[in-house]
Amino acid sequence: MSRRRTVRNKGVIAAARVQRAPAPGQRLDFRVDPWTRKLIRPLLITLLAISVAIALLVIVRILSPDRGWMAVVPLCFVAALEGAYTTAWLNNPDSHGVDRLTYRVAEVFLLLVVARLYSWVLFGNGIPSPDEVRLYLTAPTSLLLVGGFFTTAFVTLVAWGLAVSHSRAFTRLDVSIYEINFYTLSPAEQKAKADDRPIQMPREALQAQYLSNWLIVGMLMIFMAALSTFEIDQLATIVNPLDITRLGLAPAMLLALMTYFLAGFWLLSHARLLRLNARWLMDGVAKDADFERGWQRQALIILLGIALLAAFLPIGSSLAISRILTLGLTGLSYVVSAVFSFLGYLVGSALILLTRNSEEMPLQPPQLTPLPPVDPAIAPPSNPNPFFSMVISSAFWALMIAFIIAAFLFFLRERGYRLDVERVNSYRTTVSAWLRALWDRLRGRARTLTMELQNRLRAPSSRSPGLGDLNISRPRFLRLQRLSPREQIRFYYLALVRRAGERGVGRQISETPLEFAKDLKEAWPESDTDVDALTQAFLEARYSPQPIEAPKANTIKQLWKTLRTTLRRRS
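The model shown is predicted, which means the values in this text are computed figures rather than measured ones.

Asker: Describe in detail the overall build of the protein chain, supporting the description with residues and values.
Answerer: The helix and strand inventory of the protein chain stands at 18 helices and two strands. For the protein chain, buried positions account for 33% of its 571 residues. Partitioning the contacts of the protein chain with sequence separation of at least 6, the portion at a separation of at least 24 is 77%. For the protein chain, the accessible area works out to roughly 36600 Å², and carbon and sulfur atoms hold 64% of it.

So, in C-alpha cells, the structure goes:
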C-alpha cells in the first residue's frame, strides 16, 4: 500500500494563509445627493430630449398646418422621462441580471403601441365605425397609415432615444456603489483588498462624448430654427432662394432652443461635478451631500441670469422676452378658459338634467369642435383568394396581440411586479359566480316574461280595436336621449298611432303601415307629406339594416311635433 503524501505549506503560500486581515479603520465620510440623481438629472435630460421633439414638431406643423401637432409633446415628455429612469434603473447592481436587449425591444414595442393609440385619439375620429374595423381586420397594414402614426412614433422615439443615450452617459459618469464601498475604506483595508479595486471609468472621454453629442444636436436645432423661418412650401417652386418669403421665429421654436441650451449647460456642469466626485473619492477627500445641492443652486442661478440677459436680445423685429411673455400668457389664458369651460359644462349639464322634458325637448346633438381632416384609409389590396387573406390577417392579429401581452408582462416582471396567481384565481372565481348568478336571474326573468306573453296571447283580446296589435300605452316616463336613433323613430311613429287612435282613426290588426298611412291622409289631407315621411322613416327603422344617424332622428322629431299639433286641432 502506498503511503499518503502530506503536503506542507511553505514560503509565500504559507505566509499568505496565516496573514491576518487589518483591523477595520474609520470609513471616509463621502456622501452624494440622492435628489440630484432621482429628480433633477432625469428632469434635465427629459427637457433636453423634448426640446428636440418640439423643434421637429414645429417643422412638421409648417408642412402640415391642419393638425395640432404640439399635442404630441406630452407623449414625448412621458417617453423621455421613462427612458431616463429606466436607464438609471438598469445601471443598478440589482438589475444586472436583466436581459437588456429583450427589455429594450419590449420597451420600444410598447411605446409604438402607445403612440398608435395616442395618435388615434388625437388625430382620428374617435371610435372606429364597423366598416373601418372590418377594413383594419382584413388589411392590418392600413391601421398604420392613418392618424399621423408615423410622425407621432418617429418624434416620440427620437425623444426617447436621446433621453436613453444621455442618461446612460451620466450613469457611467457617476461614482458607482462599488467605488464608494472600496474607496471609503481605510488605506490599510484598501491595500489588503487591492485585488477588489474597481476598474476606472474613462470619465473624461464620457464627458467629451456628451459635449460633442450635445453640440451636434444643438447645431441641428439651430438649422431647424433657421429652416422654420422660411416658407418651406415655396422651395419646390422658386428658383432664386432670395425670393423665398421669410417668417418670424415661432415662439415654440424659441422656447425649444432656450430650453435645450440651458438644460445642456446645466448637465455639462453636472458632468464636471461627477468627474470631481470620482477624483475626490479616490484621493480620500470627504464630501457631504450639501455640497452637491449648493453646486446645483449656483448653476441654476447662473443659468437663470444668462437666460434673462438672452431674453432681452432682439430676435427679428421684437425682443425674446416679449415672445416668452406672450407664450406664457397664452398658456395661462388657455388653462383658465379650460377651467371655466369645464365649470360651465358642469353647470349646464345640471340645469339640463333638472329642466329637461323627455317628450317636448328636441334632441339636439352636442356641439363638438370640428376635428382636423383625417387621411383617407388605404383600401386593402385586392386578393383573389379571400380565405388566404383571412388566414393571413388572423395570424397577424393573433401574433400582434400575443406580442403586446408578452411585452407588457415582461416589462412588469423585470420591474419587480409579480402576478399573484392565487389572487387572480380568487377574483376570477368571484366574477364567474357573479356572472353565473346574473345569467340565472336573466334566464328566470325571460322565462317569466315568455309565460306571461303566452298567457296574454291565449286569453281573449280586450285591447282597443283602434290600436290593433300594437297595444300602445302612454309611458309614464321615458328618456329619449337614452334611445338609439332607430328606437326614437319607432317611438315617434307609435306615438302617432296612439294619438290617431285617440282621435278616432285607429290602426286595425290587418293593416300595414302604408295602408294605415292612407287612413291618416284621408283624415288629415293637409299633412299627407309629413305622414308619408314619418311612415317611410318607420319602415326604414323597422326593417332596414342600414345605420341611422342622429340628425335624421331629429328631423323625424320635428315632423312628429307638426303632426301632433295637427292631430290636436281635430275635435
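Asker: A description of the pattern of salt bridges should follow, citing residues and the corresponding values.
Answerer: Within this structure, the stated rule accounts for 14 salt bridges. Residues R293 and D33 are paired through a salt bridge, measuring 3.3 Å at the closest nitrogen-oxygen approach. Placement of R293 in helix α11 (residues 289-311) and of D33 in the loop between α1 (11-18) and α2 (34-63) is noted, with a sequence separation of 260 residues between them. You can call R293 partly exposed: its relative accessible area is 31%. When the shortest N-O distance is used, the salt bridge between D174 and R37 registers 2.6 Å. Taken together, the residues D174 in the loop between α6 (149-173) and α7 (177-183) and R37 in helix α2 connect sequence positions 137 residues apart.

Asker: Provide a residue-level description of the environment of L211, including the pertinent values.
Answerer: Position of L211 among the secondary structure elements: in helix α9 (residues 203-227). Taking the C-alpha atoms as reference, L211 lies 9.6 Å from A271; in sequence the two are 60 residues apart.

Asker: Quick one: what's the story with the packing of aromatic side chains, residue by residue and with numbers?
Answerer: In total, this model carries 13 aromatic pairs according to the counting rule given. Measuring from centroid to centroid gives 5.0 Å for W214 and F265, while their planes differ by 75°, and the two rings are edge-to-face. Pair noted here: W214 is in helix α9 and F265 is in helix α10 (residues 251-283), with a separation of 51 residues, a long-range link. By relative accessible area, which is 2% here, W214 ends up buried. Taking the relative accessible area as the measure of exposure, F265 reaches 42% and is therefore partly exposed. A network of ring pairs unites the aromatic residues F170, Y210, W214, Y260, F261 and F265 as a single cluster.

Asker: Describe the packing of α9 against α10, and please don't skip the residues or the numbers.
Answerer: Where α9 contacts α10, the axes come no closer than 11 Å and their chain directions differ by 175°. Here α9 is positioned roughly antiparallel relative to α10, judged by the angle of their axes. Split into classes, the residues belonging to the contact of α9 with α10 amount to 19 nonpolar, four polar and four charged.

Asker: Give a description of the packing of α6 against α9 that names residues and reports values.
Answerer: Close contact between α6 and α9 brings their axes to 9 Å; oriented N to C, the two are set at 155°. Put simply, α6 runs roughly antiparallel to α9. For the pair α6 and α9, the sense of crossing is left-handed. Counted together, L162, H166, A169, F170, R172 and L173 of α6 and R203, L206, Q207, Y210, N213 and V217 of α9 form the full contact between these two elements.

Asker: Which residues make up the side chain of T184, and what are the values?
Answerer: Assignment of secondary structure puts T184 in the loop between α7 and α8 (187-192). Within polar-contact distance, the side chain of T184 engages the backbone oxygen of I180 at 2.5 Å. Each residue touching T184, except ones within four places of it in the same chain, is listed here: Q26, R27, L28, F30, E179, Q190 and L281.

Asker: Can you break down the nonpolar core residue by residue, with the values?
Answerer: Grouped together as the largest cluster of nonpolar side chains are 53 residues, with contacts concentrated most on F170, M221 and M253. Secondary-structure elements contributing two or more residues to this core are α2, α3 (73-90), α6, α9, α10 and α11. Per-element tally for this core: the top contributor is α2, with 15 residues. Dropping the residues within four chain positions of it, F170 is found in contact with R41, I45, Y210, L267, H270, A271 and L274.

Asker: I'd love a proper account of helix α15 (residues 485-502), names of residues and values included.
Answerer: For α15, spanning 18 residues, the distance from its first C-alpha to its last is 26 Å, which sits close to the expected 26 Å at 1.5 Å a residue. For α15, the set of buried residues is P485, Q488, I489, F491, Y492, Y493, A495, L496, V497, R498, R499 and A500. Elements that come into contact with the buried residues of α15 comprise α16 (513-523), α17 (528-543) and α18 (550-569). Among the residues trailing α15, G504 stands out with phi positive, at a value near 100°.

Rules used in this analysis
Residues numbered from 1 in each chain as written. Predicted model: local features only at pLDDT ≥ 70, side-chain atom pairs only at ≥ 80, totals over all residues. Heavy atoms only, no water. Helix = DSSP H or I, 4+ residues; strand = E, 2+ residues; numbered from the N terminus. Buried < 20%, exposed > 50% of the residue type's maximum accessible area, 1.4 Å probe, protein only. Contact = heavy atoms within 4.5 Å. Areas by Shrake-Rupley, 256 points an atom, 1.4 Å probe, with all protein chains shown as cover. Salt bridge = Lys/Arg side-chain N within 4 Å of Asp/Glu carboxyl O. Phe/Tyr/Trp six-rings, centres within 6.5 Å; stacked < 30°, edge-to-face > 60°. Axes fitted to C-alpha atoms, helices over the stretch in contact; angles between N-to-C directions. Parallel < 35°, antiparallel > 145°, perpendicular 65-115°, else oblique. Nonpolar A, V, L, I, M, F, W, Y, C, P; charged D, E, K, R; others polar. Left-handed = near helix turned anticlockwise from the far one by under 90°. Polar contact = N/O pair within 3.5 Å; in protein donor to acceptor, adjacent residues only side chain to side chain. Core = buried A, V, L, I, M, F, W, Y, C linked by side-chain atoms within 4.5 Å. Expected span 1.5 Å × (residues − 1).

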